[in-house]
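Secondary and tertiary structure notes
What follows is the residue order along each chain.
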Amino acid sequence: MSFVVVLFPEPRDVYIDDQMQGSTRAASGRPRALYVNAGSHVFRLGGRADVEPPTQTLDVPERPILNPFRVDFRKI
Amino acid sequence: MRAGRALAAAVALVTLAGCAGPVNPRLVAYGDGGYRYANVRGDGQEEELFVILAFSGGGTRAAAFSYGLLETLRAVTYPRAGGPARSLLDDVDVISSVSGGSFTAAHYALFGTAGFKQFEEDFLYRNIQGKLILKMLAPWNWFRLMRSDYSRIDMAAELYDDVVFHGATFGTLLERAHGRRPYVLLNATDMTVGARFEFTQDQFDLLCSDLSRVPVARGVAASSAFPILLSPMTLHNYPGDPADPGNPCNSFRAPTWLAQALKSVDQPRRVALARNLISYRDAVKARPYIHLLDGGLADNIGLRGPYVALSGQDSAWSVFSKINDRKIQRVLVIAANAKTGRDPGWDARESPPGIAGVMGLVTTGPMGNYSFETVQLIAEHFRQLNAEHESFNACEQLAKEQCPAFQIPFEPAAEVEFHAVELAFDKVTDDLPLQRCLEGLATSFSLPRPQVTLLRQVARRLLLTSPEFLAAMSKIAPTWKPEPAPIAPALVHEACPQPR
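Everything numeric here is computed off the predicted structure, so don't read it as measured data.

1. Here we look at the interface of chain B and chain A
With 37 residues of chain B at the contact, the number on the chain A side is 32 residues. With both chains or domains summed, chain B and chain A bury close to 2900 Å², and 52% of this area falls on carbon and sulfur atoms. It is Gln 313, Phe 410 and Glu 411 of chain B in chain B that bury the most area against chain A; as a group they hold 22% of the surface buried on that side. When the shortest N-O distance is used, the salt bridge between Arg 30 of chain A and Glu 396 of chain B registers 3.2 Å. For the pair chain B and chain A, the number of links is 24 residue pairs in polar contact (both at pLDDT 80 or more). Elements with a contribution of two residues or more to the side of chain B that touches chain A: helix H12 (256-263), helix H15 (319-324) and helix H17 (371-402) of chain B. The element best represented in the side of chain B that touches chain A is H17 of chain B, accounting for nine residues.

2. A closer look at the sheet that holds strand S8 (residues 69-72) of chain A
Residues and elements named next belong to chain A. Strand order across the open sheet formed by three strands is S4-S1-S8, with mixed pairing between neighbours. Bordering the open sheet on either side are strand S4 (33-36) and S8, each of which pairs with just one other strand. Averaged over all pairs of adjacent strands, the angle between their axes in this sheet comes to 35°, without regard to strand direction. Pairing analysis gives four bridges linking strand S1 (residues 2-7) to S8, with the strands arranged parallel. When the bridges of S8 are listed, Val 4 appears paired with Phe 69.

3. A look at the pattern of salt bridges
Tallying each qualifying case throughout the model produces 30 salt bridges over all chains. Where Asp 91 of chain B meets Arg 86 of chain B, a salt bridge forms, and the shortest distance between an N and an O atom there is 2.6 Å. Neither Asp 91 of chain B nor Arg 86 of chain B differs from the other in exposure class; each is buried. With a shortest N-O distance of 2.8 Å, Glu 198 of chain B and Arg 196 of chain B are connected by a salt bridge. Overall, Glu 198 of chain B belongs to the buried group, its relative accessible area being 9%. A residue is classified by how much of its surface remains accessible, and Arg 196 of chain B, at 23% relative accessible area, is partly exposed. Bridged by salt links that share partners, the residues Glu 10, Arg 12, Arg 48, Asp 50 and Lys 75 of chain A form one connected network.

4. Some thoughts on the confidence of the model for chain B
Detail in the predicted coordinates should be disregarded across regions flagged by low pLDDT. Residues and elements named next belong to chain B. Averaged over chain B, the pLDDT score is 89; the fraction of residues at 70 or greater is 90%. For chain B, the element scoring lowest by mean pLDDT is helix H1 (residues 2-16), at 52; helix H10 (residues 201-205) scores highest, at 98. Segment residues 13-20 is flagged for pLDDT under 50; beyond a separation of four residues in sequence, or across chains, it makes eleven contacts in the model. Scored by ipTM, the complex comes to 0.96, with pTM at 0.92.

5. Looking at the packing of helix H18 (residues 432-439) of chain B against helix H19 (residues 449-465) of chain B
Residues and elements named next belong to chain B. As a packed pair, H18 and H19 sit with axes 12 Å apart at the nearest point and diverge in direction by 125°. Judged on the interaxial angle alone, H19 and H18 are oblique. For the crossing formed where H18 meets H19, the hand is left-handed. Across the interface between the two elements, Leu 434, Cys 437 and Leu 438 of H18 pack against Leu 454, Leu 455 and Val 458 of H19. Partitioning the contact of H18 with H19 into residue classes produces six nonpolar, no polar and no charged.

6. Some remarks on the state of the cysteines
Residue and element names in this part refer to chain B. Counted under the stated rule, the structure contains two disulfides over all chains. Between Cys 208 and Cys 249 runs a disulfide, and the two sulfur atoms are separated by 2.1 Å. Measuring handedness by torsion sign, the sulfur bridge of Cys 208 and Cys 249 sits at about -90° and is left-handed. Of this pair, Cys 208 sits in the loop between H10 and helix H11 (216-223) while Cys 249 sits in the loop between strand S7 (233-236) and H12, and the two are 41 residues apart along the sequence. Free cysteine Cys 395: the closest other cysteine sulfur is in Cys 403, separated by 12 Å. The partly exposed category is assigned to Cys 403, whose relative accessible area is 37%.

7. Remarks on the packing of helix H3 (residues 59-75) of chain B against H19 of chain B
All names here are of chain B. In the contact formed by H3 and H19, the axes pass within 7 Å of each other and the chain directions differ by 50°. The angle between the axes of H3 and H19 places the two elements in the oblique class. Here the hand of the crossing between H3 and H19 comes out right-handed. For the pair H3 and H19, the contacting residues are Thr 60, Arg 61, Ala 64, Phe 65, Tyr 67, Gly 68, Leu 69, Glu 71, Thr 72 and Leu 73 in the first and Val 452, Leu 455, Arg 456, Val 458, Ala 459, Arg 460, Leu 462, Leu 463 and Leu 464 in the second. Of the residues assigned to the contact of H3 with H19, the class counts are twelve nonpolar, three polar and four charged.

8. Examining helix H4 (residues 100-111) of chain B
All names here are of chain B. End to end, H4 covers 18 Å across twelve residues, agreeing with the expected 16 Å (1.5 Å per residue, within 8%). Among the twelve residues of H4, eleven are classified as buried, and the element is accordingly described as predominantly covered. Buried within H4 are the following residues: Gly 100, Gly 101, Ser 102, Phe 103, Thr 104, Ala 105, Ala 106, His 107, Tyr 108, Ala 109 and Leu 110. Two residues or fewer after H4 comes Gly 112, characterised by a positive phi angle close to 65°.

Parameters at a glance
Residues numbered from 1 in each chain as written. Chains lettered and ligands numbered in written order. Predicted model: local features only at pLDDT ≥ 70, side-chain atom pairs only at ≥ 80, totals over all residues. Heavy atoms only, no water. Contact = heavy atoms within 4.5 Å. Buried area = accessible area lost by both parts, 1.4 Å probe. Salt bridge = Lys/Arg side-chain N within 4 Å of Asp/Glu carboxyl O. Polar contact = N/O pair within 3.5 Å; in protein donor to acceptor, adjacent residues only side chain to side chain. Helix = DSSP H or I, 4+ residues; strand = E, 2+ residues; numbered from the N terminus. Pairing = 2+ DSSP bridges. Axes fitted to C-alpha atoms, helices over the stretch in contact; angles between N-to-C directions. Buried < 20%, exposed > 50% of the residue type's maximum accessible area, 1.4 Å probe, protein only. pLDDT = per-residue confidence, 0-100. Parallel < 35°, antiparallel > 145°, perpendicular 65-115°, else oblique. Left-handed = near helix turned anticlockwise from the far one by under 90°. Nonpolar A, V, L, I, M, F, W, Y, C, P; charged D, E, K, R; others polar. Disulfide = S-S within 2.5 Å. Expected span 1.5 Å × (residues − 1).

Here it is in structure tokens:
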């Protein structure tokens, strides 16, 4: 098991392997950690197509909640 | 001469009867339809409480025990904020079953509580085993059994279809679900890969086959194809054909989670699970037929599928993803485990066990292997989640004390409460003679009436006195109080006539 934080300047729905995982941000505005099983996964965001890169295939290492794996998306 | 010709014609007619094509037809086209979690429960419509039931194998013993659990859950009613009282049975999202437990699971998914009485008459209190033997002994069926595409398990499936499931297919199951019935995983075992094979469209996509036209009785028969007594069930695995652009099997695309699991070389568990699944497409030329046996050979408690869904994204109905999405805040897993565990006494004698003992062990031994381990794996997974949460909260608290302006730059993952309840005969610890009686009950599709009634009552008592269940209910419905669940001594006496 591992933890990831998906970063994007706006709240967006996060999809891991095409399965909806909730928003990039909590109601407080802070990004939120997500559970993920370690290994290869495809990350993408929902909403408008203003995200770079559109998808990321990443090998997620085992990470504890206090040191989550970062997945960065940029707004274009 | 004329009589001989007439006999030959009759034999040919009987032999060919039922030659209506393959048991599992080829898909017309790949799509999102069919018997899948999202089409049964309404993906994204989950409520805060997610309930999974697991029904073990054990013939009518298991069917009656799991039925007792369903009856008791129906009677567990609690007030709902802003709405009428509801029954805990209405909260059940998924039932995963093997072997005897599959009869109860499939019948409830098809007919709901309105079918409870019918199930008692059609299956629980009926001598299904006797009917099966009579069918096999009927001379007109001998000729059918000579065919290469027809065997004892097909005969069993016909009987179950006729007397228990009344012609219902997985298409019927989907029509009747409408989000109100649980998603049912009927689990069998793939003989070649030795792994779990579930009767869902997600699994049948891998065979390029349409599950909606398969009778539910087939799934139940495969799930309960007890080794040697019943033959394996054979399914078709349809190949694609690059030379034929119209072949629907050409357009198979592995779901993303499956393709990614195959790439996860540092995660052997993910890879092993994915390799088993993709082998149906990758090796379709070498495996045009798939042979299935009793689901208990791969997992006799039916919890392997739920474990995968609860612990990661590698599932067509990942509960892990729904927890991330804050849809689910509490998970309750209740396993009705009808395993028997009487010491056969082999170790008290110098002479080795006889052939019957060895055969019994070989055919049933693997069925107990994963039962306990899977419950432990799921509980350990949630313990780990909670420990991570505690460390996050402790760290944030410490940081606030030392430096009030500091804030961890992200929020923790969703918090989830987990409750696991296992109902098993070895938990009848306050009445050891009754425990010994239950552990000595036969594995058969025919049990005496008092034994069936006793099993239903034992399930009720075990659930309503389970410390884990009471703890779960104190969170789900704090005002709920269990009713007494006595077992009449006269019933025990009738069901367990031998000195207990």
